[in-house]
Amino acid sequence: MDSAGHNDGVTAPASAKPPKTSRARMTGRERREQLIGVGRKHFADKGFEGTTIEEIAASAGVSKPVVYEHFGGKEGLYAVVVDREIESLLSAVQGALTSEGTSREIIERAALALLGYVETSTDGFRILVRDSPTGQATGSFASLMSDIASQVEHILAAEFKSHKLDPKAAPMYAQMLVGMIALTGQWWLDSRKFKKHEVAAHVVNLAWNGLTGLEPKPTLTASPS
């Protein structure tokens, strides 16, 4: 409209709505999952002792009370992270140990399963092989390996019987076998000079060809002191 009060044909624009700048609020479940992911990364990079609630909260973009609300503290968050990693690794190895095949094939699959976990869940494996916090029973890597070893016993016991060896020694050999694979996995965690299937092949080569040459009653060549 001009100074005389006539409309000049230009329509005044309607007031534009302000752009939305705030993100959708997370649900309680989504926030919990976010905190678990953030905590997992921090625990893998810095360990339990080196990680603080302040760092976790800052990385997640929340206040410390939010972390306490979901987990009760750093120990609670750590326990959840570790429990998930144990379940993931144990499920993979158990699946291999309960599959069909010869004893050697089953051991090969179990070695590949553990190394596969190291490869695809590197952060999780770093968390598991570190010491658990004081007073925290959950997440003992040694305990986890013992659980796996107990499932290997029946495989070795059958092999011992077929080679006329004492099956009562199978539990001890199961610990040796699983320990060898686990320690090799820890070495391979940072030394990736070999591919996963190559590492598994070498581990099984030592374990299996060693098993085929076992003595019925092994003795030490040197006299015990």
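Counting starts from 1 at the beginning of each chain's written sequence and moves along it residue by residue. With the structure being a predicted model, the display of local features is reserved for residues of pLDDT at least 70 and the display and counting of side-chain atom pairs for 80 or more, all residues being used for whole-chain, interface and lining totals. Note that water and hydrogens are dropped before the side-chain values are worked out from all heavy atoms of the structure.

*Asks:* It is not clear to me how the pattern of salt bridges should be interpreted in this structure. Could you clarify?
*Replies:* Any two side chains of opposite charge can pair, so long as their charged atoms come close to each other. The term salt bridge refers to a side-chain nitrogen of Lys or Arg lying within 4 Å of a carboxyl oxygen of Asp or Glu. Scanning the entire structure with this criterion turns up 10 salt bridges. One salt bridge in this structure joins K64 and E54, with 3.0 Å as the shortest N-O distance. Taken together, the positions of K64 in helix 3 (residues 64–71) and E54 in helix 2 (residues 53–60) put the pair 10 residues apart, joining distant regions of the chain. For every residue, the accessible area obtained with a 1.4 Å probe (protein chains only) is divided by the maximum for its type, and the residue is called buried under 20%, exposed over 50%, and partly exposed between those limits. Judged by its relative accessible area of 34%, K64 falls in the partly exposed class. A relative accessible area of 42% means that E54 is categorised as partly exposed. Strands are runs of DSSP state E lasting at least 2 residues, helices are runs of H or I lasting at least 4, and numbering of each runs from the N terminus.

*Asks:* Can you walk me through helix 9 (residues 196–212) in this structure?
*Replies:* Side chains three or four residues apart in an α-helix point the same way, a direct result of the helix having 3.6 residues per turn. For a helix, the expected span equals 1.5 Å multiplied by the residue count minus one. With 17 residues, helix 9 extends 24 Å from end C-alpha to end C-alpha; this agrees with the ideal 24 Å at 1.5 Å per step. Three or more residues of helix 9 are buried, namely V199, A200, V203, V204, A207, W208 and L211. Contacts made by the buried residues of helix 9 are with helix 5 (103–120), helix 7 (141–162) and helix 8 (170–190). Here, residues are in contact when the closest pair of their heavy atoms is within 4.5 Å.

*Asks:* Just checking my understanding: could you explain the nonpolar core for this structure?
*Replies:* Here is a general trend for soluble globular proteins: nonpolar side chains tend to be buried in one another's company. As used in this record, nonpolar core signifies buried Ala, Val, Leu, Ile, Met, Phe, Trp, Tyr and Cys residues forming a set joined through side-chain atoms within 4.5 Å. Formed by 64 residues in total, the largest nonpolar core has its most connected members in L89, M145 and L156. Of the residues forming this core, the biggest block, 11 residues, is contributed by helix 4 (residues 74–97). For L156, the residues in contact, after removing those within four places along its chain, are I107, A170, Y173, A174, L177 and L211.

*Asks:* Looking at this structure, I do not really get the environment of R192. What am I missing?
*Replies:* Mapped onto the elements, R192 comes out in the loop between helix 8 and helix 9. Distance from R192 to E119, taken between C-alpha atoms, is 9.6 Å for residues 73 residues apart in sequence. Polar contact is defined as a pair of N or O atoms within 3.5 Å, subject to the rule that within protein one atom must be able to donate a hydrogen and the other to accept it, and that residues adjacent in sequence are counted only when both atoms are side-chain atoms. Engagement of the side chain of R192 in a polar contact is seen with the backbone oxygen of L189, the distance being 3.5 Å.

Function-wise, these values are silent; they only describe arrangement.
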